[in-house]
Amino acid sequence: MVTPSTCCRKSGEGCVCAAQAKCSCGAKAALHCTCAKAQTENEVKGPRCSCRARPAGECTCERAATENATPSGSLCSCGARPADACTCEKASDGGLLPTETDFTTRA
C-alpha cells in the first residue's frame, strides 16, 4: 500500500489513520460505505484529511480533533490544509488514496 506523504506514520505498516477512518454513519470503513450516503461517501474529491480517506474537515480517526481544526498560517493552494500538508489534487501525490498504488511512476 502507498502511504500518503501526509500520513501520521504511527507505524511502519501503512497508514494507521486510514485504517481507523469510517464513513460518516460510522458503520463501515471510509470509502466502503453501504448506507444511503454511499454514492457521495465512497468518492472523495478535493482536499482530504491526512490519510486521504475522508474530506478535509470531516476526519473520523483518532486524529479528528487535529485534522478537523481550521488551519492557519501558510495554506496550500486550495486553502483547506497547511502549505506543507496539501492533500488536494494539486499536491505532488494528491491523486492517491490509501488503497491505491501508483504503477505509473514507481518501479
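Residues numbered from 1 in each chain as written. Predicted model: local features only at pLDDT ≥ 70, side-chain atom pairs only at ≥ 80, totals over all residues. Heavy atoms only, no water.

Another aspect to go through is the overall build of the chain. Of regular secondary structure, the chain possesses three helices and zero strands. Secondary structure of the chain in N-to-C order comes out as α-α-α. The 107 residues of the chain split such that 38% are buried. Look at the contacts in the chain between residues 6 or more apart in sequence, and 49% of them connect residues 24 or more apart. With an accessible surface of roughly 6100 Å², the chain has 50% of that area assigned to carbon and sulfur atoms. (Helix = DSSP H or I, 4+ residues; strand = E, 2+ residues; numbered from the N terminus. Buried < 20%, exposed > 50% of the residue type's maximum accessible area, 1.4 Å probe, protein only. Contact = heavy atoms within 4.5 Å. Areas by Shrake-Rupley, 256 points an atom, 1.4 Å probe, with all protein chains shown as cover.)

It is worth spelling out the environment of Arg 63 at this point. Following the sequence through the fold, Arg 63 ends up in the loop between helix H2 (38–41) and helix H3 (64–67). Put simply, Arg 63 and Cys 17 are 46 residues apart on the chain and 7.4 Å apart in space, counted from C-alpha to C-alpha.

Tallied over the entire structure, the rule returns zero disulfides. Free of any disulfide, Cys 25 has its nearest neighbouring cysteine sulfur in Cys 23, separated by 3.2 Å. There is no disulfide at Cys 86, and the cysteine sulfur nearest it, in Cys 76, is 3.4 Å away. By relative accessible area, which is 14% here, Cys 86 ends up buried. (Disulfide = S-S within 2.5 Å.)

Let us look at the side chain of Arg 54. With respect to the element layout, Arg 54 can be found in the loop between H2 and H3. For Arg 54, a relative accessible area of 4% corresponds to the buried category. Separated by 2.7 Å, the side chains of Arg 54 and Glu 41 make a polar contact. Discounting residues that sit within four places of it in the chain, Arg 54 has contacts with Ala 21, Lys 22, Cys 23, Ser 24, Ala 30, Glu 41, Val 44, Arg 48, Cys 49, Cys 59 and Thr 60. (Polar contact = N/O pair within 3.5 Å; in protein donor to acceptor, adjacent residues only side chain to side chain.)

Now for the pattern of salt bridges. Under the definition given, this model contains five salt bridges. Between Arg 54 and Glu 41 there is a salt bridge; the shortest N-O distance is 2.7 Å. Of the two residues, Arg 54 sits in the loop between H2 and H3 while Glu 41 sits in helix H2, which places them 13 residues apart along the sequence. Overall, Glu 41 belongs to the buried group, its relative accessible area being 10%. Between Glu 67 and Arg 81 there is a salt bridge; the shortest N-O distance is 2.9 Å. Here Glu 67 is found in helix H3, whereas its partner Arg 81 is found in the segment after H3, with 14 residues between them in sequence. (Salt bridge = Lys/Arg side-chain N within 4 Å of Asp/Glu carboxyl O.)

Structurally, the position occupied by Ala 83 is in the segment after H3. Once residues within four sequence positions are removed from consideration, Ala 83 is found in contact with Ser 74, Leu 75 and Cys 76.

What follows is about the environment of Cys 17. Assignment of secondary structure puts Cys 17 in helix H1 (residues 16–20). Put simply, Cys 17 and Glu 62 are 45 residues apart on the chain and 7.1 Å apart in space, counted from C-alpha to C-alpha.

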